[in-house]
Amino acid sequence: MVDALGVAVVGFGWMGRVHTQAYARVRHHYPELALRPELVVVAEEVPGRAEEAAERFGFTATTRNWREVAADPRVGAVSITAPNFLHREIGVAMAEAGKHIWIEKPVGLTAEDARAVAGAVAAAGVQGAVGFNYRNAPAVEAARDLIASGGIGAITHVRIRLFSDYAAHPEGALTWRYERERGGSGVLGDLASHGADLARFLLGDITALTADTAVFVPERARPTAATAGHARAAGGPLGPVENEDYVNCLLRFASGARGVLEACRVSVGEQNNYGFEVHGTKGAVFWDFRRMNELGVSRGTAYQDQPVSTVYVGPGDGEFGAFQPGAANAMGYDDLKVVEAYRFLRSVAEGVPHGATLADAVHSASVLDAMTRSARSGGWADVHPEGWR
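Residues numbered from 1 in each chain as written. Predicted model: local features only at pLDDT ≥ 70, side-chain atom pairs only at ≥ 80, totals over all residues. Heavy atoms only, no water.

Caption draft 1: Highlighting the pairing of strand S8 (residues 206-214). Bridge analysis of S8 against strand S11 (residues 246-253) gives eight bridges, and the strand direction is antiparallel. In the sheet register, Thr210 faces S11, and the bridge partner there is Leu250. Relative to strand S17 (residues 380-382), S8 is paired through three bridges, and the arrangement is antiparallel. When the bridges of S17 are listed, Leu209 appears paired with Ala381. (Pairing = 2+ DSSP bridges. Helix = DSSP H or I, 4+ residues; strand = E, 2+ residues; numbered from the N terminus.)

Caption draft 2: Structural detail: the pattern of salt bridges. Enumeration over the complete set of coordinates arrives at 24 salt bridges. A salt bridge links Asp197 to Arg135, with the shortest nitrogen-to-oxygen separation between them at 2.8 Å. One end of the pair, Asp197, is in helix H8 (residues 187-203); the other, Arg135, is in the loop between strand S6 (128-130) and helix H6 (138-148), and 62 residues separate them in sequence. A relative accessible area of 4% means that Asp197 is categorised as buried. Between Arg343 and Glu141 there is a salt bridge, and its shortest N-O distance comes to 3.2 Å. In this pair, Arg343 is assigned in helix H9 (residues 333-350) and Glu141 in helix H6, connecting sequence segments 202 residues apart. The same class applies to Arg343 as to Glu141, namely buried. What you see here is one network of salt bridges that share partners, running through Arg135, Asp197, Arg200, Asp205 and Asp360. (Salt bridge = Lys/Arg side-chain N within 4 Å of Asp/Glu carboxyl O. Buried < 20%, exposed > 50% of the residue type's maximum accessible area, 1.4 Å probe, protein only.)

Caption draft 3: Highlighting the sheet that holds strand S7 (residues 155-163). The sheet built from nine strands is open, its strands ordered S16-S15-S14-S13-S7-S12-S11-S8-S17 with mixed pairing. Of all strands in the sheet, those with a lone pairing partner are strand S16 (309-312) and S17, marking the two edges. Taken pair by pair, the neighbouring strands of this sheet meet at an average axis angle of 20 degrees, ignoring direction. Packed on one face of the sheet, helix H10 (residues 358-377) meets S8, S11, strand S12 (258-264) and S17 and runs near 55 degrees to S8. (Axes fitted to C-alpha atoms, helices over the stretch in contact; angles between N-to-C directions. Contact = heavy atoms within 4.5 Å.)

Caption draft 4: Just the environment of Trp380, in detail. Checked against the element boundaries, Trp380 lands in strand S17. Expressed as a C-alpha distance, the spacing of Trp380 and Lys105, which sit 275 residues apart in the sequence, is 25 Å. Once residues within four sequence positions are removed from consideration, Trp380 is found in contact with Ala208, Leu209, Thr210, Leu250 and Arg252.

Caption draft 5: Region of interest: the packing of aromatic side chains. Overall, the coordinates contain 16 aromatic pairs when judged by the stated rule. Three or more aromatic residues link up through ring pairs in this structure, and these residues are Trp14, Tyr134, Tyr274, Phe276, Trp287, Phe289 and Tyr333. The positively charged end of Arg144 is found above the aromatic ring belonging to Phe201, 4.1 Å away from the centroid. Geometry around Tyr178 places Arg220 over its ring, the cationic atom sitting 4.4 Å from the centre. (Phe/Tyr/Trp six-rings, centres within 6.5 Å; stacked < 30°, edge-to-face > 60°. Lys NZ or Arg CZ within 6 Å of the ring centre and 35° of its normal.)

Caption draft 6: Geometry of the packing of H8 against H10. Two elements in contact, H8 and H10, have axes separated by 9 Å at closest approach and are oriented at 115 degrees. Considering how the two elements wind past one another, H8 and H10 form a crossing that is right-handed. On H10, the residues that touch Leu188, Gly189, Ala192, Ser193, Ala196, Asp197 and Arg200 of H8 are Asp360, His363, Ser364, Val367, Leu368, Met371 and Thr372. For the contact of H8 with H10, a count of residues per class yields six nonpolar, five polar and three charged. (Left-handed = near helix turned anticlockwise from the far one by under 90°. Nonpolar A, V, L, I, M, F, W, Y, C, P; charged D, E, K, R; others polar.)

Caption draft 7: Structural view of the sheet that holds strand S5 (residues 100-103). Ordered in space as S3-S2-S1-S4-S5-S6, the six strands form an open sheet in which the pairing is parallel. Both edges of this open sheet fall to strand S3 (61-63) and S6, since each of them pairs with a single strand only. Between one strand axis and the next, the sheet turns by 25 degrees as a mean value, whatever way the strands run. Direction of pairing for strand S1 (residues 3-10) relative to strand S4 (residues 77-80): parallel, over a ladder of four bridges. Paired with Val9 across the bridge in S4 is Ser79.

Caption draft 8: Molecular detail of unusual backbone geometry. A cis amide bond, omega -10 degrees, links Lys105 with the succeeding residue Pro106. Along the chain, Pro106 falls in the loop between S5 and helix H5 (111-124). A positive phi is found at Tyr303, a non-glycine position, where the angle reads about 65 degrees. One can find Tyr303 in the loop between strand S15 (294-299) and S16. We note that Ala328 has phi near 75 degrees; this positive angle belongs to a residue other than glycine. As for its position among the elements, Ala328 is in the loop between S16 and H9.

Caption draft 9: Here's a closer look at helix H1 (residues 14-29). In this model, H1 (16 residues) spans 22 Å end to end at C-alpha, consistent with the 22 Å of a helix rising 1.5 Å per residue. Of all the bends in H1, the largest measures some 30 degrees and sits at Tyr23. Looking at the buried positions of H1, the neighbouring elements they touch are S1, strand S2 (35-43), helix H2 (49-57), S4, S5 and H9. (Expected span 1.5 Å × (residues − 1). Bend = angle between axes of the 7 residues up to and from the residue.)

Caption draft 10: Up close: H10. Relative to the 28 Å expected for 20 residues at 1.5 Å per residue, H10 spans 29 Å between its end C-alpha atoms, a close match to the ideal helical length. For H10, a buried count of 14 out of 20 residues is recorded, marking the element as mostly surrounded by other parts of the structure. Near the N-terminus of H10, the side chain that reaches the backbone nitrogen of Ala359, with its oxygen 3.3 Å away, is that of Thr357. (Polar contact = N/O pair within 3.5 Å; in protein donor to acceptor, adjacent residues only side chain to side chain.)

Caption draft 11: Local environment of the pairing of S1. Most of S1 is tucked away: six of the eight residues are buried. The handedness of the S1 to S2 crossover, carried by H1, is right-handed. (Right-handed = clockwise from strand over helix to strand, strands pointing away.)

Caption draft 12: Inspection of the nonpolar core at higher detail. Leu202, Val278, Val285, Trp287 and Met371 are the most contacted members of the largest nonpolar core, which totals 94 residues. For this core, the leading source of residues is H8, giving 10 residues. With residues near it in sequence (within four places) discarded, Val278 still touches Ile147, Ile152, Ile155, His157, Val158, Leu202, Leu203, Gly283, Ala284 and Val285. Counting residues in each nonpolar core, the second largest holds 35 residues, with Ile80, Ala114, Ala116 and Ala118 among its members. (Core = buried A, V, L, I, M, F, W, Y, C linked by side-chain atoms within 4.5 Å.)

That is the geometry; function is a separate question.
Here's what the structure looks like:
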């Protein structure tokens, strides 16, 4: 028997829509799932946006006050896709109200915020999932398996990149994303959080790092109306960009491996250039998000001049088989969020976590905090052990 689970979405920008579509699709791909998500309520403070979402996707109720969601007995699970500065308050409140939560990264603005939400989830005995979607790519999971099996030998070093142009235009509006108080550490939270999660997912704990940051577009125009996504605001009064456009850091792993993590939101000519290169004593593995279903793999005994082969992931890799019948049939970004929805709902149904959890969010946030400390001091920063628990 399949049980219904009332779900709510808090914050209906682009990511709120992605979560909603994932709920709508999840049982098409996972018919064995023991829960059937039902769209109960959407909360969004921008006038008219919640009503539009309800008409388009079938939510039975709308509100401009997310606190009404916490009090709604019909809601068993909540997607939190509001701006970053609201994540801690909403996440803690929903957990304390007994709601399971699927929350986007970064979980708040600091590791302290992430720990607060993680603590509330643990105390309430509910499930908590986090939107680290890139780890859900079947090729990434295949790369992790290859690394763990020793297929490329002992890991020596990794390079992780996250380059984007979403903030490259000088007329990009000065929204909350560029304010320290509401947007936190800028590109660190937006993109480097994914890089920190991928690094640990693939290679294990990061113990120390040294980082450098920069702001390359120091002023932007203030918007004169509500914005969505990365809107432009030419002609408005200028204000300062308070948080980071760019970060570059060197990593030390508990295993002894070394790494480089670089992220930028103003990289002209780069559209979602996300990926990694992992090198070991016997080979290497390469992944590019823009070719999401491929891996470059080098392994063997040649060492010097050893070739790299292109491997297409297939039904035996990660969750690929829930979407495509054979290798080289492409999956896309939204599919990764369907995988997240499945793992979240499975966690709720079984009472044990599947996929990225609030503990993973704390790990990532601890790395970001260390980046911030290092950039300020100009030296190495330890990743505090309490951040890994």
